[in-house]
Amino acid sequence: MISENLRQVEQEIQDSCALASRQRNSVQLIAVTKASDARATQAIIDAGITHCGENRVDAFLAKKASVEAREQPLSWHFIGNLQRRKVKQVINEIDYFHALDSLRLAAEIQKRAEHTIACFVEVNVAKEASKQGISLEEVPDFIAQLAVYDRIQIVGLMMMAPIDATVEQLHELFHQLKQMQEQIAAQELSYAPCVELSMGMSNDYPIAIEEGATFIRVGTALFKA
Ligand SMILES: *Cc1c(COP(=O)(O)O)cnc(C)c1O
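As a starting point, this report considers the structure included with it. (Residues numbered from 1 in each chain as written. Predicted model: local features only at pLDDT ≥ 70, side-chain atom pairs only at ≥ 80, totals over all residues. Heavy atoms only, no water.)

1. Details of the packing of aromatic side chains
- Taken as a whole and assessed by the stated rule, the structure comprises six aromatic pairs.
- Ring geometry for F60 against W76: centres 5.5 Å apart, planes inclined by 70°, an arrangement best described as edge-to-face. Placement of F60 in helix 3 (residues 57-66) and of W76 in strand 3 (residues 75-78) is noted, with a sequence separation of 16 residues between them. W76 shares its class with F60; the two are buried.
- A centroid spacing of 6.3 Å and a plane angle of 80° characterise the contact between F60 and F78, whose relative ring orientation is edge-to-face. Residue F60 is located in helix 3, and its partner F78 is located in strand 3; the two are separated by 18 residues in the primary sequence.
- By the ring-pair criterion, three or more aromatic residues cluster together here, those being F60, W76, F78 and F97. (Phe/Tyr/Trp six-rings, centres within 6.5 Å; stacked < 30°, edge-to-face > 60°. Helix = DSSP H or I, 4+ residues; strand = E, 2+ residues; numbered from the N terminus. Buried < 20%, exposed > 50% of the residue type's maximum accessible area, 1.4 Å probe, protein only.)

So, in structure tokens, the structure goes:
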């Protein structure tokens, strides 16, 4: 049941925050609704979720139109690969974009955005051939080149860990992204405060929290039967 799943995830978040001596409110839970229908999405919003994540343009637009926020406003996160030709359909409908990984995409966002867009740079920390994202080494130069796009605000870095990584490897990969985030943040760039870390999914979010995640993206653990 969704409310019971949410209760369990919330407990794990609290335990991980305690373990890492972090405040609970330093971590935001994004409910990834990509495999859930509008009804299940509404149910989790009614249960208290205020951040939703989607990775497909059509499904996102349909869901956004059919669900209602409750006590608090709802934030929408686009967490998937976004084709340039679809940027104009979604970019002004979302609160955060988690998958910026090319200058061509940045240029398209700049062209279509009607206000500043909060973006995460997606980093392929483990250098997996199957994954989107730039390599860790490319991050400083890539961010430097984004300075010309005044409609793009780099709020942080995002990663997906390999699904077969060991606990030790997960700690190391998340830690590497944290170090890069701190390196960029230390530059105090007005267009790239880079204070956030979007990392951690159903299988690894407790470890991501221990390593400094500020947004975790959780689907299966919330919506499983
Ligand atoms: C699907 C997805 C998630 C959530 O994955 P779960 O394992 O279901 O929690 C998180 N981030 C991205 C980018 C995704 O595509």
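2. Some thoughts on the layout of surface pockets
- Taken as a whole, the largest pocket encloses approximately 600 Å³ of empty space.
- If you list the elements that add at least two residues to the lining of the largest pocket, you get strand 8 (215-218) and helix 9 (220-223).
- Quantified by volume, the second largest pocket comes out at close to 200 Å³.
- Around the second largest pocket, the lining is made up of 13 residues, and of these E10, R24, L29, G48 and T50 lie nearest the centre. (1 Å grid on protein atoms, 1.4 Å probe; cavity = no way out; pocket = protein on both sides within 12 Å on 5 of 7 lines; lining within 4 Å. Points joined across faces, edges and corners; volume = space filled by probe spheres on them.)

3. Concerning unusual backbone geometry
- Of note in this structure, S21 is not a glycine but carries a positive phi near 50°.
- Along the chain, S21 turns up in the loop between helix 1 (2-19) and strand 1 (28-32).
- When its relative accessible area of 70% is taken as the criterion, S21 is described as exposed.

4. Topic: the environment of I44
- By secondary structure assignment, the location of I44 is in helix 2 (residues 38-46).
- Residue contacts for I44: discarding those within four places in its chain leaves I2, A31, I49, L222 and F223. (Contact = heavy atoms within 4.5 Å.)

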